[in-house]
Amino acid sequence: MRLYGHEIAIMEAGPPDGPPIVFLHSSGMSSRQWRYYARTLGDRGWRALAPDFIGCGGSEAWRGSGPFHFLADLRMADELIRRLERPCVLVGHSYGAFLAIQLASALREKIERLAVWEPVAWGVLYENDGDGFHQEQVERGFFDDATGGSELWMKGFVEWWSGDGAWEAIGERGREQMMKSARKTFEEVRSLGEDQTAAVHYATITAKTLLMNGTQSPVQARQVCERLATIVPNAERLELDAGHLAPMNAIAQVAPALFDWLE
């Protein structure tokens, strides 16, 4: 499908006339991370759609004249949702979760329900911490153009989220897959670091919302969910004994919770 000027690969499951549910993947991944969820819900009559973001999976690489910015993926997903004939359920993880809450705040009645796992909405942290967290990321080299997207950079990024040894634990195949979109992942991270969307912005979300996070995740990810839970109307928060990658490596916990909430 051509969206925002790029050829975008979309994984689909379920009947074409079923209620639509759109899945947005995390940085360095692709729609494959949602395969179990999409197939299971497709078997239950949902029309599941999971796009690969620009430069990820089977989608075309970024062709813009300047560095990639998350707004390009946001506009791509916005276009996809606007093309649907019915309001949809929107599910996102990490980077995809951030895009999901941005979309829900803008599209409102087009999003019936919203379920997100640890949106990287760093802008809400500026209210309490100023630019302290941003400076920490600068010092870690997360925004360093010279090294961004290198294997050393990816290792530091993954292990900040999931702890020492997480990069090796992914396995050779997983590392190779993440390295295919490593530079684009860096540019996602850099543009997210510039985001200062205040929590109050998300008060415009009208969808019934599920905010999920893990007890083993970085404290900042938990703080974002805590703050959003006080701002987003009609929101409930769910905390599981898991880490940031739970939608992929703790499916036995996340999937039943999501499926029960959808019923």
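Below is a short write-up of the structure.

Definitions and limits used
Residues numbered from 1 in each chain as written. Predicted model: local features only at pLDDT ≥ 70, side-chain atom pairs only at ≥ 80, totals over all residues. Heavy atoms only, no water. 1 Å grid on protein atoms, 1.4 Å probe; cavity = no way out; pocket = protein on both sides within 12 Å on 5 of 7 lines; lining within 4 Å. Points joined across faces, edges and corners; volume = space filled by probe spheres on them. Helix = DSSP H or I, 4+ residues; strand = E, 2+ residues; numbered from the N terminus. Nonpolar A, V, L, I, M, F, W, Y, C, P; charged D, E, K, R; others polar. Axes fitted to C-alpha atoms, helices over the stretch in contact; angles between N-to-C directions. Parallel < 35°, antiparallel > 145°, perpendicular 65-115°, else oblique. Left-handed = near helix turned anticlockwise from the far one by under 90°. Contact = heavy atoms within 4.5 Å. Buried < 20%, exposed > 50% of the residue type's maximum accessible area, 1.4 Å probe, protein only. Pairing = 2+ DSSP bridges. Right-handed = clockwise from strand over helix to strand, strands pointing away. Core = buried A, V, L, I, M, F, W, Y, C linked by side-chain atoms within 4.5 Å.

**Brief notes about the layout of surface pockets**
Here is step 1 of the chain: Put simply, the largest pocket is a space of about 590 Å³.
Here is step 2 of the chain: Along its surface, the largest pocket is lined by 17 residues, and Met29, Arg32, Gln33, Gly174 and Met248 are the ones closest to its centre.
Here is step 3 of the chain: Among the elements that make up the lining of the largest pocket, the one with the highest residue count is helix α8 (residues 171-180) (six residues).
Here is step 4 of the chain: Here the lining of the largest pocket is composed, by residue class, of seven nonpolar, five polar and five charged.

**Examining the packing of helix α6 (residues 151-162) against helix α9 (residues 182-193)**
Here is step 1 of the chain: Contact geometry of α6 with α9 gives a least axis separation of 10 Å together with a crossing angle of 55°. Classified by the angle between their axes, α6 and α9 sit oblique to one another. Crossing angle aside, the handedness with which α6 passes α9 is left-handed. When α6 is examined against α9, the residues Trp153, Met154 and Phe157 are found in contact with a partner set consisting of Ala182, Thr185, Phe186 and Val189.
Here is step 2 of the chain: Of the residues in the contact of α6 with α9, the class split is six nonpolar, one polar and no charged.

**Comments concerning unusual backbone geometry**
Here is step 1 of the chain: One non-glycine residue, Arg108, lies in positive phi territory at about 45°.
Here is step 2 of the chain: Tracing the sequence through the fold places Arg108 in the loop between α3 (95-107) and β7 (111-117).
Here is step 3 of the chain: For Arg108, a relative accessible area of 39% translates into the label partly exposed.
Here is step 4 of the chain: Unlike most non-glycine residues, Glu118 shows phi in positive territory, near 50°.
Here is step 5 of the chain: With respect to the element layout, Glu118 can be found in the loop between β7 and α4 (126-129).
Here is step 6 of the chain: Given the relative accessible area of 0%, Glu118 is considered buried.

**Digging into the pairing of strand β8 (residues 208-214)**
Here is step 1 of the chain: Burial analysis of β8 places six of its seven residues in the buried class, the great majority of the element.
Here is step 2 of the chain: As paired elements, β7 and β8 share five bridges and run parallel to each other. Of the residues in β8, the one forming a bridge with Arg113 is Lys208.
Here is step 3 of the chain: Remark: the β8/helix α10 (residues 219-231)/strand β9 (residues 235-240) crossover connection has right-handed handedness.

**Describing the nonpolar core**
Here is step 1 of the chain: Leu24, Leu90, Ile111, Leu114 and Tyr202 are the most contacted members of the largest nonpolar core, which has 62 residues in total.
Here is step 2 of the chain: In terms of residue count, the dominant contributor to this core is α3 (nine residues).
Here is step 3 of the chain: If we skip the residues at most four places from it in the chain, Leu114 touches Leu90, Ala100, Ile101, Ala104, Ile205, Ala207, Lys208, Thr209, Leu210 and Trp261.

By themselves these figures say nothing about function.
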